[in-house]
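The chain contents come next:
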Amino acid sequence: MTTVTQPVASPEDAIAVIDPASYAAWGPLLDTFDRLRSETPVVRIESPDGEFDPFWLLTRYDDAMRVSKDNARFLNAPRATVFTNKTGEAFARQITAQQGDESPNLVSSLVVLDAPKHPKLRRLTQEWFMPKNLRTIEAQIRELAARTVDRLVAAGPECDFVPLVAAPYPLHVVMQILGVPEEDEPRMLFLTQQMFGGQDEDLNKSGMANLSPEQILQIVTGAVKDFETYFEGLAAQRRANPTSDVATILANAVIDGEPISARDLAGYYIIVAAAGHDTTSASTAGAMLALARDPEQFARVKADRSLVPGIVEEAIRWTTPVQHFMRTAAEDAQFGDVTIKAGDWLMINYVAANHDPAQFADPRRFDATREANRHLAFGAGAHQCLGLHLARLEMRLLFEALLDRVDAVELAGEPRRAKSTFVGGLKTLPLRITAR
Ligand code: HEM
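Residues numbered from 1 in each chain as written. Predicted model: local features only at pLDDT ≥ 70, side-chain atom pairs only at ≥ 80, totals over all residues. Heavy atoms only, no water.

Novice: Can you lay out the overall build of the protein for me, pointing to particular residues and giving the numbers?
Specialist: If you tally the helices and strands in the protein, you get 20 helices and 14 strands. Computed over its C-alpha atoms, the radius of gyration of the protein comes to 21 Å, within 12% of the 22 Å expected for a compact globule of 436 residues. Here the C-alpha coordinates of the protein stretch approximately 70 × 55 × 45 Å along the principal axes. The buried share among the 436 residues of the protein stands at 57%. Of the contacts formed within the protein by residues at least 6 apart in sequence, a portion of 74% connects residues at least 24 apart. For the protein, the exposed surface amounts to about 18,100 Å²; the carbon and sulfur share of it is 53%. (Helix = DSSP H or I, 4+ residues; strand = E, 2+ residues; numbered from the N terminus. Rg over C-alpha atoms; globule rule 2.2 N^0.38 Å. Buried < 20%, exposed > 50% of the residue type's maximum accessible area, 1.4 Å probe, protein only. Contact = heavy atoms within 4.5 Å. Areas by Shrake-Rupley, 256 points an atom, 1.4 Å probe, with all protein chains shown as cover.)

Novice: So what's going on with the pattern of salt bridges? Which residues, and what values?
Specialist: A side chain of one charge can pair with a side chain of the opposite charge if their charged atoms are brought near each other. The full count for this structure, using the stated rule, is 29 salt bridges. The residue Arg317 makes a salt bridge to Glu314 at a minimum N-O spacing of 2.9 Å. With Arg317 and Glu314 both in helix 18 (residues 308-319), this residue pair falls three residues apart, about one helical turn. What makes Glu314 buried here is its relative accessible area of 0%. Arg436 is paired through a salt bridge with Asp407; the nearest N and O atoms lie 2.9 Å apart. Here Arg436, found in the segment after strand 14 (430-435), pairs with Asp407, found in strand 11 (residues 406-411); they are 29 residues apart in sequence, far enough to count as distant. (Salt bridge = Lys/Arg side-chain N within 4 Å of Asp/Glu carboxyl O.)

Novice: Quick rundown of the sheet that holds strand 7 (residues 324-329)? Include the residues and the values.
Specialist: With respect to topology, five strands assemble into an open sheet ordered 1-2-10-7-3, the strand pairing being mixed. Every interior strand has two partners, whereas the edge strands, strand 1 (42-45) and strand 3 (74-75), have only one. The pairing of strand 3 with strand 7 spans two bridges and is classified as antiparallel. Looking at strand 7, one finds that Phe74 is bridged to Ala329. Helix 1 (residues 11-18) rests against strand 1, strand 2 (55-58) and strand 10 (345-349) of the sheet, and its axis sits at about 80 degrees to strand 2. Along the sheet, helix 4 (residues 61-69) makes contact with strand 1, strand 2, strand 3, strand 7 and strand 10, crossing strand 10 at roughly 120 degrees. (Pairing = 2+ DSSP bridges. Axes fitted to C-alpha atoms, helices over the stretch in contact; angles between N-to-C directions.)

Novice: So what about the coordination of the iron atom of the ligand? Which residues, and what values?
Specialist: Donation to the iron atom of the ligand from the protein comes from one atom only, Cys385 (SG), at 2.3 Å. By the element assignment, Cys385 lies in the loop between helix 19 (350-353) and helix 20 (388-405). (Donors = N, O, S within 2.8 Å, 3.2 Å for Na, K, Ca; no water.)

Novice: Please give an account of the site of the ligand that cites residues and values.
Specialist: Within the structure, the ligand sits among 30 residues, and His118, Arg122, Arg327, His383 and Cys385 are positioned closest to it. Residue Arg327 places a side-chain N or O atom 3.0 Å away from an oxygen atom belonging to the ligand. Those elements that place two or more of their residues in the shell around the ligand are helix 6 (117-126), helix 15 (262-275), helix 16 (278-293), strand 7 and helix 20. Classifying every residue of the shell around the ligand by side-chain character gives 19 nonpolar, nine polar and two charged. (Near = heavy atom within 4 Å. Polar contact = N/O pair within 3.5 Å; in protein donor to acceptor, adjacent residues only side chain to side chain. Nonpolar A, V, L, I, M, F, W, Y, C, P; charged D, E, K, R; others polar.)

Structure (structure tokens):
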């Protein structure tokens, strides 16, 4: 007879893992992950109020890597994040049922699909996002980076780096790729913040500290509807007048001889638009925070630009903007003494994995010279970030432009992080800059 070990986290630890506020506080959350990793590296999280289904939290780098790479045994469908709770999901099912495709996900996109459909959709744009093709838009991004730094210098010496630089710059890049004209960008920013920042009162602009799950979902649903209407119009334009951008590929995409469905099309635009900017924005702001706290490191990279890629990579690990993705076990799986059963839900927590001391020496330290920085911030396996080369390129070009113009940078106030379990990072970064 085999014994099944079922380590269950305390209610306090469960709350720490699922409460958006603990991702804003950050330090205590990292302490919790360290303790869980050493005591119960695979642990069951049961939300005390029953609002979330139970799931297994993985805190070790090796376990997160194994699950990420084994896409046949650990599936993204049906629920790829804990962003919405049970009430929110029931609401989403009501809406999607009306569209004839009952699903717990309002948006059907790459991240909630598995083989055989996922690779077919992914292949449509994979080549476009590879370094070879990105070189064709490098000059355009460099120009955007220079203009962004002009804005920073003009606003100085004291400014908030997030709304001035970190948020608009990646948004601008991804919108150009998707063919969205500049005048529509504020609307897109507002919509993505409503979709992904729905857990943070400053970001959802409602001014209400504690929204009910229904209210949050209402905000998200409105944002998704707006996105769908907007991108339907854009696709029609690209069919009439094709260009070399991602929008044109998607508008004309054919799979197995059929044009992709309206829901798949909207989902694709939404995932690229949404995944493409808040994430890079968070790692860009994080890099700047690290440099502001460490004038010596700033001076070193200013003198030697070959250090920029190291700053970029370490910022992506250190900030880990995408904090988790979920998987569902397709069959029983063994993790040490713990048996995960077919159908169980698992959380790959990238924050915990990227702070595993077995993989990263002194993980809370920002170290741009880290060797073999094989962080998991972009995930791994079939769903590994489609935009990872673009994210690195954008950040490198921005910091090259910034180091040309800025001589010194220091903190001018306390930075604050967003309350969010899913995509998170700094929402304010007050700086004092010395520029020329
Ligand atoms: C998927 C992180 C930037 C587009 C992902 C995943 C992570 C991630 C963790 C899921 C991986 C997995 O499940 O194994 C990040 C981070 C970024 C970033 C940390 C910036 C620092 C971007 C950019 C774009 C993008 C700039 C596009 C313009 C996507 C898409 C997916 C994805 C489309 C879904 C891929 C799939 O499911 O096949 N990203 N991302 N991301 N990312 Fe990114």
